Each structure stands twice: as C-alpha cells, then as structure tokens.
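Analysis of the macromolecular model
Spelled out from the first residue to the last, the chains are:
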Amino acid sequence: MLDFLIYLAVSLALLLVGLFLMEITTKVKEFALMAKGNKAASYVLGGRLLGLAIVLYSALANSISLVDMVIWGAVGIAAQIIVFYLTEWLTPRRFNVSQSIEENNTAVGLFLLLLSISIGIVIAGCLTY
C-alpha cells in the first residue's frame, strides 16, 4: 500500500510539473483564458493534461523502480513539450495557432487537444521496452 501511495504522489507531482512547464513555455496562457470562459483554451489544456497522463502511465507501467519511473517520466514530459512545439511550428501558416486560441477558435483548440493526445500515445509507445 505504501508503494502505491508513493508512486501515486510522485506521478501526480510529475503531472503537475509537466502541466506547469507546458504553461510557462507556451505563448498562450490557457489557465487565464479558461478563467474568462475561453473554450478553445480549455480544449488545449485538457489535451495537454491527457497527453501527459498517457506518457506518465507508460513510464509507470514500464518502470523497474521509482527512480526509473521519474527519469522516464521526465524524458516523456520533455519529449511531449518538444514534439508539441515542432508540430505547432509545422502547422500551416494560414493562421496563427496562439492567436486562434486567444480568439477562442474552438476548431483550433480541438485540433490541439487531439494533437496532444496523439503525441502522448506515440511517446508512450516509445517508452515501452
């Protein structure tokens, strides 16, 4: 039972750290926009949270120790952030992703939600061994 609680606490801490890092490294501040009722921002934030959770699930399921899980969880979080930026950078230039979220463009928000989940699944697969 103690191991479960330790892994749970560390996993939730990693999830919060990952979400915090994504929030401070992106142009759009989803929490502030969400507080104003911006649905697109809530889609983006929810997708990031789910994508990170998928990555951390894989790190948990495939780790051999708590330290191993923390290392691979951190690698997965970093990969999630980097790949998200690369994908956002490769997005067609017909619209500005950050501006679209600030303008509450729910189509872009939904796309980014699905993008985060997709990236999370791919990274989670890479964390299996």
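To start, this report covers the structure provided alongside it. (Residues numbered from 1 in each chain as written. Predicted model: local features only at pLDDT ≥ 70, side-chain atom pairs only at ≥ 80, totals over all residues. Heavy atoms only, no water.)

Some points on the pattern of salt bridges
Counted according to the given criterion, the structure contains one salt bridge. R48 is the partner of E30 in a salt bridge, and the nearest nitrogen-oxygen pair spans 3.1 Å. In this pair, E30 sits in helix α2 (residues 30-35) while R48 sits in helix α3 (residues 39-62), placing the two residues 18 residues apart along the sequence. With a relative accessible area of 2%, E30 lands in the buried category. Given a relative accessible area of 3%, R48 falls into the buried group. (Salt bridge = Lys/Arg side-chain N within 4 Å of Asp/Glu carboxyl O. Helix = DSSP H or I, 4+ residues; strand = E, 2+ residues; numbered from the N terminus. Buried < 20%, exposed > 50% of the residue type's maximum accessible area, 1.4 Å probe, protein only.)

Section: the packing of α3 against helix α6 (residues 106-126)
Following both chains from N to C, one finds α3 and α6 inclined at 5 degrees, their axes separated by 8 Å at the closest point. Considering the angle they form, α3 stands roughly parallel to α6. Residues K39, A40, Y43, V44, G47, R48, L50, G51, I54, V55 and S58 of α3 lie in contact with α6, whose contacting residues are T106, G109, L110, L112, L113, S116, I117, G120, I121, I123 and A124. (Axes fitted to C-alpha atoms, helices over the stretch in contact; angles between N-to-C directions. Parallel < 35°, antiparallel > 145°, perpendicular 65-115°, else oblique. Contact = heavy atoms within 4.5 Å.)

Re the packing of helix α1 (residues 2-25) against helix α4 (residues 66-90)
Relative orientation of the contacting elements α1 and α4 amounts to 20 degrees, with a least axis distance of 10 Å. Between α1 and α4, the angle is such that the two are roughly parallel. In the crossing of α1 with α4, the sense of the turn from one axis to the other is right-handed. Where α1 approaches α4, its residues I6, Y7, V10, S11, L14, G18, L21, M22 and T25 are matched on the opposing element by L66, M69, V70, G73, I77, Q80, I81, F84 and Y85. In terms of residue class, the contact of α1 with α4 is made up of 13 nonpolar, five polar and no charged. (Left-handed = near helix turned anticlockwise from the far one by under 90°. Nonpolar A, V, L, I, M, F, W, Y, C, P; charged D, E, K, R; others polar.)

Overview of α4
Between the first and last C-alpha of α4 there are 36 Å, a value that for 25 residues agrees with the 36 Å anticipated at 1.5 Å per step. Residues D68, M69, G73, G76, I77, Q80, I81, F84 and E88 constitute the buried set of α4. (Expected span 1.5 Å × (residues − 1).)

Considerations on a nonpolar patch on the surface
The grouping of I64, V67, I71, W72, V75 and Y129 at the surface amounts to a nonpolar patch, some 660 Å² of accessible area in total. With respect to the helices, strands and loops of the structure, V67 is situated in helix α4. The class for V67 is exposed, based on a relative accessible area of 58%. (Patch = residues over 30% accessible without salt bridge, like charges linked within 9 Å, V, L, I, M, F, W, Y side chains within 5 Å. Areas by Shrake-Rupley, 256 points an atom, 1.4 Å probe, with all protein chains shown as cover.)

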